[in-house]
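Remarks on the overall topology
The primary structure of each chain is shown beneath.
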Amino acid sequence: MAMSFFERLEARVKSVDSLLCVGLDPHGAQEATGAAAYEFCKRLIEATAPYAAAYKPNIAFFEALGAEGWQALLEVVQSVPSDIPVILDAKRGDISTTADAYATACFKSVGATGVTLHGYMGMDSVAPFMRDPHAGAFILCKTSNPSSADFQTIPCSLPTIGSGCQSRVLPWLLYEEVARRAGEWGTQYQDRIGLVVGATDPDALKRVRAIVPDMWILAPGIGAQGGDLIGACAAGLSKGASKLLLPISRGISQARDPAEAAEAFRAAINVARKQARSQVDMSNVESLVEAPRGGALKSFQSDFIRFALDSEVLLLGSFTLKSGRVSPYFFNAGKFTSGLALKKLSHFYARTLLESGLVFDVLFGPAYKGITLASAVAIALGELTERDVPFAYDRKEAKDHGEGGRLVGAALSGKRVVIVDDVITAGTAIRESMQLLTSVQAEVVGVALALDRQERGTDSPLSAVQSVEQQYGVQVLSVVGLRELLDFFMEKAENGKAGDGEKEALETIREYRAQYGVVPLQA
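Reference entry: report on the structure contained in this document. Predicted model, so just to flag it, every value in this text is computed and none were measured. (Residues numbered from 1 in each chain as written. Predicted model: local features only at pLDDT ≥ 70, side-chain atom pairs only at ≥ 80, totals over all residues. Heavy atoms only, no water.)

Take the overall build of the chain next. Assigned secondary structure in the chain consists of 19 helices and 18 strands. Taking all contacts inside the chain whose residues are at least 6 apart in sequence as the whole, residues at least 24 apart take part in 71%. As displayed, the chain offers around 23100 Å² of accessible surface, 52% of which is attributable to carbon and sulfur atoms. (Helix = DSSP H or I, 4+ residues; strand = E, 2+ residues; numbered from the N terminus. Contact = heavy atoms within 4.5 Å. Areas by Shrake-Rupley, 256 points an atom, 1.4 Å probe, with all protein chains shown as cover.)

This is how it looks when you write it as structure tokens:
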């Protein structure tokens, strides 16, 4: 007996250990013909098939190309290996014979087995897509676009029965009622219905998951839209750390190597699944599903700031810096002096690298703090992803015996390298590392830091980090920056959890940022 759509999806997820859904969106100028759109998608499928749980072509980009676009869509769907489900992102929403025609077009003409739908017209708009027992549908519930709150968060009357909605203080919102009704429809149609809930709203994911604990959720918004992968997974995964499908489009298709980008995204998702299973470093799950303020503060960043404060690595007060400025905070990574502290620190670096989607081959540690950091982060990445990450370091003093030279560790020639350090103050260590790595034909693709102070230099409008980015054209990642410190203390103040010293720190950090903060570089 043939499997249903969601049975096929679960089988595929188990087969490749992946919740990654690869978006097939040929919308660039270079894909302006049907043939070009097909070749674009075909190359993407061939590159990412080992890592994809599903594919999601957006019908609009093919329809925009006319008849040749429609033909390209048919060929794209036929190009997908038969064991990988295809979700046609069509967002259909009509009734009666029109809905029948839409269902026929999606499932029989195109050949997809899954589809996205509007449920605004009620069950009448969904039922025609349920006539095929092998098909499945994802109903729009809480979408990832900024104006989704115009309608989707309108308060409703509490239903009188079921689905965890009684005895609550929070208002019952329209999208929650959609989730409850979809749960009922799913029962009626043998669990062949799922929901679309944006990964940009972890709170909505959490609330929907409480209503439909066993339903599949399609959660767009990771990558270009800025969704917090760790927070979204903590909120939206089912009890078995599954049933949350995460579509990624541009983050993969626009990568230099789509195959490696897909593998990296799968690894990052599996980090979150592993954490959900074991609750590693999750003493307070609520903190992991807090929505980032303005897209800035992520859950693991809050955890890192608390960790740094508890470890007295981050101090609040009045500190005279080498530049002569009086700073309201001081950060000294050298005070992470125990094995457990270093382990936790390295995991925060690893999360930052994984969430960035940056593709690299080797980690490199500048002398001297970077040596310990690079090796510890390589271990953390191995623990979280089971990927064996090579590392190398600069021992500073060249030797003329043994292996000789200044470089120790993994081979670097021809490799894509991420430099790992604690902070960039003047940028001297990074510049020395760049020269050293260039001399052995290594390609530096990024720098990973614990903290970016995000303040301009004494004689430049750019920060030290911005100067490195501008000079070398590399991405500098940091676990947190000055902006995240502000957001952290603002959230504590708003929640009534800030002590007098933290309230004072909030004001002085605001003043310091106003006086010395940098303007973000334009992309």
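Let's shift gears to the nonpolar core. One finds Leu195, Phe331 and Leu363 to be the most contacted residues of the largest nonpolar core, which totals 142 residues. Here the element with the most residues in this core is helix 11 (residues 258-278); it accounts for eight residues. Two domains each donate at least three residues to this core, and these are domain 1 (5-156 + 169-280) and domain 2 (299-516). Sequence-distant contacts of Leu363, defined by excluding residues within four places in its chain, comprise Leu353, Ala374, Val377, Ala378, Leu381, Val389, Pro390, Phe391, Ala392, Val418 and Val420. One finds Ile419, Ile424, Ala442 and Val444 within the second-largest nonpolar core, a separate group that totals 20 residues. (Core = buried A, V, L, I, M, F, W, Y, C linked by side-chain atoms within 4.5 Å. Buried < 20%, exposed > 50% of the residue type's maximum accessible area, 1.4 Å probe, protein only. Domains from an automatic or database assignment.)

With that settled, consider the pattern of salt bridges. Inspection of the entire model under this criterion finds 27 salt bridges. As a salt-bridge pair, Glu63 and Arg92 come within 3.0 Å of each other at their nearest N and O atoms. Here Glu63, found in helix 3 (residues 59-63), pairs with Arg92, found in strand 3 (residues 87-92); they are 29 residues apart in sequence, far enough to count as distant. Shared partners join several salt bridges into a network, and the residues in it are Glu177, Arg180, Arg181 and Glu184. (Salt bridge = Lys/Arg side-chain N within 4 Å of Asp/Glu carboxyl O.)

In this section: the sheet that holds strand 10 (residues 244-248). One open sheet accounts for eight strands, arranged 2-1-10-9-8-5-4-3; its pairing is parallel. Since the sheet does not close on itself, it has two edges, and those belong to strand 2 (54-57) and strand 3, each with one partner. Relative to strand 2, strand 1 (residues 20-24) is paired through four bridges, and the arrangement is parallel. Looking across to strand 2, one finds that Gly23 is bridged to Lys56. Packed onto the sheet, helix 5 (residues 96-110) meets strand 3, strand 4 (114-117) and strand 5 (136-142) and runs at close to 165 degrees relative to strand 3. (Pairing = 2+ DSSP bridges. Axes fitted to C-alpha atoms, helices over the stretch in contact; angles between N-to-C directions.)

Attention shifts here to the pairing of strand 11 (residues 314-320). Where strand 11 and strand 12 (residues 326-331) come together, five bridges link them in antiparallel fashion. Counterpart to Phe319 in the pairing with strand 12 is Ser327. Taking the residues between adjacent antiparallel strands as the criterion, strand 11 and strand 12 are bridged by five residues, where Gly324 takes a positive phi near 95 degrees.

Our next topic: the layout of surface pockets. The computed volume of the second largest pocket comes to approximately 940 Å³. Val423, Ile424, Thr425, Ala426 and Arg453 are the residues nearest the centre of the second largest pocket, which is lined by 37 residues in total. Residue assignment for the lining of the second largest pocket shows that the elements contributing at least two residues are strand 12, helix 15 (369-385), helix 16 (428-439), strand 17 (443-452) and helix 17 (464-472). Partitioning the lining of the second largest pocket into residue classes produces 15 nonpolar, twelve polar and ten charged. (1 Å grid on protein atoms, 1.4 Å probe; cavity = no way out; pocket = protein on both sides within 12 Å on 5 of 7 lines; lining within 4 Å. Points joined across faces, edges and corners; volume = space filled by probe spheres on them. Nonpolar A, V, L, I, M, F, W, Y, C, P; charged D, E, K, R; others polar.)

To continue, consider the packing of aromatic side chains. Taken as a whole and assessed by the stated rule, the structure comprises eleven aromatic pairs. Between Phe304 and Phe331, the aromatic rings sit 6.4 Å apart at their centres with planes inclined by 45 degrees, giving tilted as the arrangement. In this pair, Phe304 sits in helix 13 (residues 299-310) while Phe331 sits in strand 12, placing the two residues 27 residues apart along the sequence. Taken together, a centroid distance of 5.1 Å and an interplanar angle of 20 degrees make the contact between Phe307 and Phe336 stacked. Here Phe307 is found in helix 13, whereas its partner Phe336 is found in the loop between strand 12 and helix 14 (339-356), with 29 residues between them in sequence. Each of the two residues, Phe307 as well as Phe336, counts as buried. Within the aromatic cluster, the residues linked to one another by ring pairs are Phe304, Phe307, Phe331, Phe336 and Phe348. (Phe/Tyr/Trp six-rings, centres within 6.5 Å; stacked < 30°, edge-to-face > 60°.)

Put simply, side chains in a regular strand alternate between the two faces of the sheet. Within strand 3, five of the six residues are buried, which leaves the element mostly enclosed by the surrounding structure. Where strand 3 meets strand 4, three bridges bridge the pair, whose relative direction is parallel. The residue bridging Ile87 from the neighbouring strand is Gly114, located in strand 4. Crossover connection from strand 3 via helix 5 to parallel strand 4: handedness right-handed. (Right-handed = clockwise from strand over helix to strand, strands pointing away.)

Before going further, it helps to spend a moment on the environment of Gly501. As for its placement among the helices and strands, Gly501 is situated in helix 19 (residues 500-516). For Gly501, a relative accessible area of 47% corresponds to the partly exposed category. The sequence separation of Gly501 and Gly317 amounts to 184 residues, and the corresponding C-alpha distance is 8.4 Å.

Along an α-helix, a turn takes 3.6 residues, which lines up residues three or four apart on a common side. Its 15 residues place the ends of helix 7 (residues 174-188) 21 Å apart at the C-alpha level, agreeing with the 21 Å of an ideal helix rising 1.5 Å per residue. Burial in helix 7 covers these residues: Tyr175, Glu176, Glu177, Ala179, Arg180, Ala182, Trp185 and Gly186. Elements that come into contact with the buried residues of helix 7 comprise strand 5, helix 6 (149-152), strand 7 (172-173), strand 8 (193-197) and helix 8 (202-211). The first or second residue beyond helix 7 is Gln190, which carries a positive phi of 55 degrees. (Expected span 1.5 Å × (residues − 1).)

A negative phi angle characterises most non-glycine residues, just as the trans form characterises most peptide bonds. For the bond from Ala367 to Tyr368, the omega torsion is 0 degrees, close enough to zero to count as cis. Tracing the sequence through the fold places Tyr368 in the loop between strand 13 (362-365) and helix 15. One non-glycine residue, Asp191, adopts positive backbone phi at about 55 degrees. Relative to the helices and strands, Asp191 is located in the loop between helix 7 and strand 8. Classification of Asp191 by relative accessible area gives exposed; the value is 56%. One non-glycine residue, Gln454, lies in positive phi territory at about 50 degrees. Within the secondary structure layout, Gln454 lies in the loop between strand 17 and helix 17.

Before going further, it helps to examine the side chain of Arg12. Secondary-structure assignment places Arg12 in helix 1 (residues 5-16). Within the local environment of Arg12, its side chain forms a polar contact with the side chain of Asp83, the two groups lying 3.1 Å apart. Leaving out residues up to four positions away in the same chain, Arg12 has contacts with Ala49, Pro50, Ala52, Ala53, Asp83, Ile84 and Pro85. (Polar contact = N/O pair within 3.5 Å; in protein donor to acceptor, adjacent residues only side chain to side chain.)

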